[in-house]
Amino acid sequence: QVQLVESGGGFVQARDSLRLSCVASGGTFNWYTMGWFRQAPGKEREFVAAISWRGGRPNYADSVKGRFTISRVNAKNTVYLQMNSLKPEDTAGYYCAASKLASTVAVGSEYNYWGQGTQVTVSS
């Protein structure tokens, strides 16, 4: 069983930056594609970004492309989401997920393990 724990969320103003972290335990971290999803109140969970086993083939939602960067440090069992130029519409709970697939999939059902989420709130 793989456990994922997110951190780094908080309350910020528009145009600010945050870096989210997700630490994995209980599995072989570098065998998993890692993704970030988010869910705002009353809305469906949506894909944000994903990165392959060895850091290649990053995949981003159009809404965050050019503003967010996903990265990973396998030696630390950690994946990051650097969020710049934050907007109020980025407000959501952010969830880290791990997939056994090698591709950077954007569909939540393809992910096998999920973290508990960390809240990001962006004020105008």
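What counts as what
- Residues numbered from 1 in each chain as written.
- Predicted model: local features only at pLDDT ≥ 70, side-chain atom pairs only at ≥ 80, totals over all residues.
- Heavy atoms only, no water.
- Helix = DSSP H or I, 4+ residues; strand = E, 2+ residues; numbered from the N terminus.
- Buried < 20%, exposed > 50% of the residue type's maximum accessible area, 1.4 Å probe, protein only.
- Polar contact = N/O pair within 3.5 Å; in protein donor to acceptor, adjacent residues only side chain to side chain.
- Contact = heavy atoms within 4.5 Å.

Q: Can you help me understand unusual backbone geometry in this one?
A: With glycine set apart, most residues show a phi of negative sign, and most peptide bonds adopt trans. Even without being glycine, Arg15 reaches a positive phi, approximately 80°. As for its position among the elements, Arg15 is in the loop between strand E2 (10–13) and strand E3 (18–25). For Arg15, a relative accessible area of 69% gives the class exposed. Positive phi, close to 50°, is recorded for Ser85, a residue that is not glycine. Take Ser85: it is sitting in the loop between strand E8 (78–83) and strand E9 (92–99). On the basis of relative accessibility, which here comes to 41%, the residue Ser85 falls in the partly exposed class.

Q: Quick question: what am I supposed to make of the side chain of Ser99 here?
A: Turning to its location among the elements, Ser99 is positioned in strand E9. A relative accessible area of 0% places Ser99 in the buried class. There is a polar contact of 2.9 Å between the side chain of Ser99 and the backbone oxygen of Glu110. Once you skip the residues sitting within four places of it in the chain, Ser99 turns out to touch Trp31, Tyr32, Thr33, Trp53, Val105, Glu110, Tyr111 and Asn112.

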